[in-house]
Each structure stands twice: as structure tokens, then as C-alpha cells.
Amino acid sequence: MKFDTPATTNPIDRMTVVGQPVARIDGQLKTTGRAMYAYEWHDANFPYAYGYPVGSSIAKGRIRSIDTDAAKRSPGVLAVVTTLDVGKREKGKFNTANLFGGDEVQHYHQAIAVVVAETFEQARAAASLVKVDYEGATGSFDLTKAKDTAVKPDEKQQPDTAVGDFEKAFGGAAVTLDQTYTTPDQSHSMMEPHASIAAWDGDKVTVWTSSQMIDWWRSDLATTLGIDKDNIHLMSPFIGGGFGGKLFLRADAVLAAFGAKAAGRPVKVALPRPLMANNTTHRPATIQRIRIGTGRDGKIQAIGHESWSGDQPGGQLETAVNQTRLLYAGENRMTAMRLATLDLPEGNAMRAPGEAPGLMALEIAIDEIAEKAGVDPVEFRILNDTQVDPEKPERPFSQRNLVGCLKLGADKFGWSQRGKPGSRREGNWLVGLGVAAAFRNNLLLPSAARVRLGADGIATVETDMTDIGTGSYTIIAQTAAEMLGLPVDRVAVQLGDSRFPVSAGSGGQFGANCSTSGVYAACVKLREAVAQKLGFNTDDVVFENGQVRSGNRSVALSEAAGPDGLVGEDNMEWGDLAETHQQSTFGAHFVEVGVDVATGETRIRRMLAVCAAGRILNPITARSQVIGAMTMGVGGALSEELAVDTRQGFFVNHDLAGYEVPVHADIPHQEVIFMEEADPMSSPMKAKGVGELGLCGVSAAVANAIYNATGVRVRHYPMTLDKII
Ligand code: MOS
């Protein structure tokens, strides 16, 4: 089905199941430990062996030789496979650095060997006996130093933008701000480390793994192994978080496959937590310069945003200026991004790549310029709202209710009680309020699904969509239930298996809208098949209460399915509605902090998010996404930072003891409000996404609250107490 005209009334609009607070259908499996995560797959007939990865201890250079003799003689060892053994491989389409293979070292903790043994402990012990002779090379590891060597990226993919005459308007503005902000390298730090099991059967391999994107992984694994994609069966039915770190094939799957081949046994490989920060990807650090000029009335006349980030050769930008092209009005504007070559581990997508660090900077800048212009920061944002793409005024937003989010949020949060910086003290705490806008684009990827209706009246949905903890199982069940007039418990959902139709996968907050749209399309096909079989008129056919009805005829769905059942399968494809209309999601974050007058320590006291993001498919799972994202934003504001050793070229704090993320107890009160919306431009579901929106802007709202509490303006994340005291 092609979605190329705005959605009209359809069965989803009934909202008897969709939009309802349905508890996770996979909740019991998870809470009782029966949901099988990658490393847990178990088959009593499978003689599993365990693979332990060895990471490079230099950041750049080549490997002269690897001595595996001692490791191979170690108790229980079945095989040792080194990067020299497998030789240089063709890289997957989505990987920047090599995952495994060849003598070149591109970053610290790059996988250079896997030791396979009867037990995990034997493999780990033997791995410590692998001796490597390196020939080190000088690398570039310091973004601040490399900034001046940064280059303009591919003009087609990431052009500089300019509208009007920025320099002139900025030079002539009554009120101006010119500040530089920095965001550090960040690590996904998801709960479940990367893990895979590989089992060969002749030239076919089955891989259980932890992947956000089944089809991307399968293609890239085929390329890396040098085998046909059809010979790979990939499964990832349950995933303990991804945050973008599992979008692209990682080394654990490659090591498991090579290890299993060499050992002649199925092999399990989990990346040890200390390898995750340097072996996998991270969110690259940014340096961002923002210039804003306004009139005395606080209206933006000029807005400019430049960002510098670094990555491996052939790598990509952290697109931190994206939101600045779209968020506020202003006739004179410019954005530019520059990329430096760094030999740190590969930078890549982490939850809301681009907008998350971009808003960390922009939304402090807005707080600063509002104060300079003497306008309340909520009012300032309302004053500078736009209903069209400010770079292309002929393109309206499909829906945009940032103003509504700000107004409602200010009212609910008690914004009017906010005082002057440093004016509110409660005991040892300086208390302050902060606000920031949230913005994230709505992305559309094709998504296919198959729905089988059985003689038992149960509909089974099959799609390779993944559930990274987001609630995909549940919203997909709700979609099929609504389309087929069945209760949710009459729908079975099977996900994360490469034998199923290719979905959008989980990423970019597109998963919910796109994958349910694919299920919608498959259900339309199934409804047609049912109607056709019964000889019903497709125009007036109604699916309701387990029955299919047309005119005065009514048949139970189970009966309609017949003994052989019926199948509907389709792929949702997207027309150019996203070209004619800018599709984005909006929100407003409000934060109250207390800052200890003696230590400078910041504590979150209250948080509120108001989101305008199209139809909310399930308020429970959507809320969970947003409160989790808000928590992540607090981490970004206060603690998260990969510390770079700029001499040796690696992230020093590569575990959860050194890389600090907030826990529930750090945030006593969180509230989320969803605005009533249904966007007919986004899909037949009229939904968008909230998983990344919930993070966007949060860290800046914390920063602005710290300023309001203390009068100290911090422009460099994380806002640790040494920067405040
Ligand atoms: Mo998201 S960073 O696209 O998983």
C-alpha cells in the first residue's frame, strides 16, 4: 500500500483498542524471566561453547602477529580465531570501522580475536593469554585540537544552509548572543550488552542476537562473512535496550559466527560491559557556536548555528544543527556542520542523533537571549513560533503545537512562580525552574507485515519489527485487533525473525508509526480476502466483536477463516507527503532543580513533559518511553561523559562504575501529558513517535533550571558540581 494522500476515516479511528492503555502483552514473559534474550537461548540438544572477545590495546596501527599458542593450550579451549586468520573482510554497508578481520587497527578495543572454550570462564582465562605484537601509529583523538582541520561534508547530504543575510542582520540586531557550547561523547549504556549466539548447519547459519534492525544486520553480516544473505537466519525477539547502539551489526555477531565455524559448535558471545564503550559506537562530542540576534521586542531577526564533531575516516557528522533549521522563525539564518577525522571508536546514532545534542546547546542559547531581551523564556518561544519551514516557507508543518505544549506546561508546572536567578532558597538548596522546547522529526521507512487468520479465530501478526523495550508487541497487537474487530487477546504477535516480512525496525522514533502502518496495510489485505471469500461488499463490510458483517449478514471470523485460514500481507510505502509537509514532533520540558549551596550538587526535584506527537497509540507505553527519555536527559545534563584519553585514544570510563547514568531514585517526580492530536499526513495510523522527543531538550531544561537556581550559566556538559561551585 502506498500512503500518498492524507489519511481519511479508517477503522483505526474507532480507537476501541488503539489509543487505549493496554498493558504490555509481553509483560508477563519479561517479569517472569521467560522472554528469551539473545544470550539466553537454550536448547538442551545444543552443545554450546562460549566465545570471549579480545579487544585491541592500541587505538591505531597494525598488528604484526598474534601468538595464540598459550591460549590454545589452555584448559577447555576449542578454538582461537584471530583477525589475521579471517583476513580483511568487506565492510557492512552501515559500518564505518571494520568489525573484525585484517591487520589494521582503527580504534581501541576493536575486536582482534575470539577464544572459544567449553565454559565462559575457560574462554576468559585463555583470552588473557593471547599475545599481540602491534605496530602503533599516531592518531588524532582530541576534538578541540582537530576542530580547525574539520572539513565540509558531502554537500548533497549535509549542505550548509543560508536564508536572507545572516551576518548583516546579526550585526544590526538590538540584542545579540554569541556563545559556544560543548557536549561530550556519550555511551548508549543499554541494560543488555551486545550478545549473539551462532549455530551453523552446513553453509547456513542461525544467529540469535540483540538487534534493532533485523534486515540491516542480516545484509551486513552476509557481507562481512562473505556468504549469501539467504543462508542467514537472524532472530532477535527480545532486546534489553538499544538507544541506537544496536541499529547496526556489531562485532559479537561476527565473532560468534567465526567462532562457531572454527569450533564446530554453536557459540555464545557477549561483549563484556567494559568493552562496550570502545568496541561499539557512541554519540560523538560536539562543539557548537550559536549566534542569535533579536529586536527589542524579542523577535528573532538572525539565527546561526555551527557545529563541529569528529569521526573515523569515512564516518559521519553528528547533525546537531538540524532542529535549528526548523524550530524558530527568523528571516536571516545560517547553519553549517564540519567533520574532523578522529581515531576514536566509531561515532554513530544514539537516541535522537542530531537533535539531542543540538537542543542541549540551542535551548540554553534561547534561555540566554530571552533573558537579554527581557522576555520570559516561555513567552520568547511562543513569540518566535513558526507554522512553516522557516527555510522553505511554502512548506507548512503537517501539525505543530509547540505553543500549546508550552502554555499547558507552564500552567501545570506553576511557571509563574519562577523568580529571578538565585532568589529562591530552601534550607541548603537553591531552587530553580527551567524550560526547553522539544523537537524531533518524524521519519518514514517502509514496513511490511503478514497477518494470518486461523480457524481458531486468532490473528497472528508476523513482521521482523523489533521491540527494544518500547512496546512494539503491544501496539502491533492493538493495531491488528482494531482492524479485525478482535480483542487484544485474540491477536498473537511474532517479531524479530528474519523469516518474516521486512519492517521499518526500531530507530529514529519511527518504529511505532511505521511498523503499525505496515500491520495496517496487511490487515487491509486480510479484510479484503475475508470479504471476497464471503462474497461481501468491501464498501460496507464491518469487522467488530469477532464478527464480519455486511448488510444483514454476519459471520464469525473463525468461520470466515475456514480450516485453512486466510492470510494478508503487504508493505507500507510512503509517497511524498513528507516532502510537501514538514513532519515533526514537538514538546515542552519543565524541570525544577535544587542546587546545594555548599557542594554545588544538583538534584532534580520535579519534571514535566508535554508532547504533541500525533496520535498516541498506547498511553502507557508512550509514557514509559517519555519518562525513560527524560531520565536519560538528566544523565546528559548532570553526569554522562565518556572521558577521552587524548594521548592513547580511548574512553577511559568504560563501565557503569565510571560512566554514570541516573536511576529512578534520582528523579522523585515525573509527569507526562500528551496533547490530543491525530496527524493525517503521517500515516493511516495518524501517529508519529515519542521515544526520542522525550529526550530532546531535557538536558537544556536542567541547565536552565540550574541557572535560575544559582545564577551560574554553564555551557559545557555535563554540569558537574565543579562547573557550578
Ligand atoms: Mo535510534 S539512535 O535511531 O535507535
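Calculation criteria
- Sequence order as written defines the numbering, with residues in each chain counted from 1.
- Reporting in this predicted model follows two pLDDT cut-offs: at least 70 for local features of residues, and 80 or more for side-chain atom pairs to be given and counted; totals over whole chains, interfaces and linings ignore these cut-offs and use all residues.
- Side-chain measures here rest on the full set of heavy atoms in the structure, leaving out hydrogens and waters.
- The secondary structure listing takes helices from DSSP runs of H or I that are at least 4 residues long and strands from runs of E that are at least 2 residues long, numbered from the N terminus.
- Atoms counted for the radius of gyration: C-alpha only. Globule rule: 2.2 Å times the number of residues to the power 0.38.
- Any two residues whose heavy atoms approach within 4.5 Å at even a single point are treated as in contact.
- We score Asp and Glu as negative and Lys and Arg as positive, and we do not count His or the chain ends.
- A charge is said to be at NZ when it belongs to Lys, at CZ for Arg, at CG for Asp and at CD for Glu.
- Domain limits in this description derive from either an automatic procedure or a database domain assignment.
- Two parts placed together each lose some accessible area under a 1.4 Å probe, and the buried area is that loss summed for both.
- Each reported salt bridge corresponds to a side-chain nitrogen of Lys or Arg within 4 Å of a carboxyl oxygen of Asp or Glu.
- Each polar contact in these results corresponds to two N or O atoms within 3.5 Å; when the atoms are within protein, one needs to be able to donate a hydrogen and the other to accept it, and residues that are neighboring in sequence are counted only if both atoms are side-chain atoms.
- In this classification, Asp, Glu, Lys and Arg are treated as charged, Ala, Val, Leu, Ile, Met, Phe, Trp, Tyr, Cys and Pro as nonpolar, and every other residue, Gly included, as polar.
- Comment: axis = line fitted to C-alpha atoms, over the contacting stretch for helices; angle = value between 0 and 180 degrees taken between N-to-C directions.
- In what follows, roughly perpendicular refers to angles from 65 to 115 degrees, roughly parallel to angles under 35, roughly antiparallel to angles over 145, and oblique to any angle outside these ranges.
- Note: crossing handedness is left-handed where the near helix turns anticlockwise from the far helix by less than a right angle, and right-handed where it turns clockwise.
- Centres within 6.5 Å are what make two rings of Phe, Tyr or Trp a pair, Trp counting through its six-membered ring; a difference in plane orientation under 30 degrees is then read as stacked, over 60 as edge-to-face, and the rest as tilted.
- Each residue gets one of three labels from its accessible area relative to the maximum for its type: buried under 20%, exposed over 50%, partly exposed in between, using a 1.4 Å probe on protein chains only.
- Strands are labelled as partners when DSSP assigns at least two bridges between them.

*Asks:* For this particular structure, what's the right way to read the overall build of the chain?
*Replies:* Within the chain one finds 19 helices and 30 strands. Taking 27 Å as the expected radius of gyration for a compact globule of 725 residues, we find that the chain reaches 26 Å, a close match to that expectation. Considered along the principal axes of its C-alpha atoms, the chain spans approximately 80 × 75 × 50 Å. Considering only residue pairs separated by 6 or more positions, the chain has 81% of its internal contacts joining residues 24 or more positions apart. Of the side-chain charges in the chain, 71 are positive and 85 negative, and the distance between the mean point of each set is 2 Å.

*Asks:* Whenever I open this one, the domain arrangement of the chain confuses me. Can you help?
*Replies:* Reports of interface size often rely on the accessible area that becomes lost once the parts have come together. Taken domain by domain, the chain holds domain 1 (2-35 + 444-579), domain 2 (38-138 + 197-220 + 240-270) and domain 3 (395-442 + 583-725). Averaged C-alpha coordinates put domain 1 and domain 2 at centres separated by 38 Å. At the junction of the two partners, domain 1 supplies 14 residues and domain 2 supplies eleven residues. Summed over both partners, the interface of domain 1 with domain 2 buries about 810 Å², with 59% contributed by carbon and sulfur atoms. Along the contact surface separating domain 1 from domain 2 lie zero salt bridges. Between the two partners, domain 1 and domain 2, sit three residue pairs in polar contact (both at pLDDT 80 or more). Looking at side-chain class alone, the side of domain 1 that touches domain 2 contains six nonpolar, six polar and two charged residues.

*Asks:* What is the right way to look at the side chain of Thr710 in this model?
*Replies:* Note that Thr710 resides in helix 18 (residues 698-710). Among the polar contacts made by the side chain of Thr710, one reaches the main-chain amide nitrogen of Val712 at a distance of 2.9 Å. Contacts of Thr710, omitting those with residues within four sequence positions, involve Gly422, Leu430, Val595 and Ile724.

*Asks:* Teacher, can you tell me more about the packing of helix 13 (residues 472-484) against helix 14 (residues 511-534) here?
*Replies:* Think of two packed helices as two axes; the pair is described by the angle between the axes and how far apart they sit. Axis separation between helix 13 and helix 14 bottoms out at 9 Å; the angle between their running directions is 30 degrees. In terms of their interaxial angle, helix 13 and helix 14 are classed as roughly parallel. As helix 13 packs across helix 14, the resulting crossing turns out to be right-handed. Facing Ile475, Ile476, Thr479, Ala480, Met483 and Leu484 of helix 13, the residues of helix 14 in contact are Ala512, Ser515, Thr516, Val519, Tyr520, Cys523, Val524, Leu526 and Arg527.

*Asks:* Is there a simple way to think about the packing of aromatic side chains in this case?
*Replies:* Centre-to-centre distance and the angle between the planes together describe a pair of aromatic rings. Overall, the coordinates contain 17 aromatic pairs when judged by the stated rule. Between Phe94 and Trp216 the ring centres are 4.3 Å apart and the planes differ by 20 degrees, which places this aromatic pair in the stacked class. In this pair, Phe94 is assigned in the loop between helix 3 (83-86) and strand 5 (104-105) and Trp216 in helix 7 (residues 214-225), connecting sequence segments 122 residues apart. The class of Phe94 is partly exposed, set by a relative accessible area of 22%. Ring geometry for Phe94 against Phe248: centres 5.5 Å apart, planes inclined by 25 degrees, an arrangement best described as stacked. One end of the pair, Phe94, is in the loop between helix 3 and strand 5; the other, Phe248, is in the loop between strand 12 (232-235) and helix 8 (251-263), and 154 residues separate them in sequence. Taken together through their ring pairs, the aromatic side chains of Trp41, Phe46, Tyr48 and Trp208 make up a single cluster.

*Asks:* I keep staring at the pairing of strand 11 (residues 204-209) and nothing clicks. Help me out?
*Replies:* As paired strands, strand 10 (residues 195-201) and strand 11 are joined by six bridges and run antiparallel to one another. For Ala198, the partnering residue across the bridge sits in strand 11 and is Val207. In this antiparallel pair of consecutive strands, strand 10 and strand 11, the connection spans two residues, and Gly202 shows a positive phi of 65 degrees. With four bridges connecting them, strand 11 and strand 12 associate as parallel partners. The residue of strand 12 that forms the bridge with Val207 is Leu234.

*Asks:* Sorry if this is basic, but what is going on with the side chain of Thr621 here?
*Replies:* Structurally, Thr621 can be placed in helix 17 (residues 619-638). On the accessibility criterion, Thr621 (4% relative accessible area) is buried.

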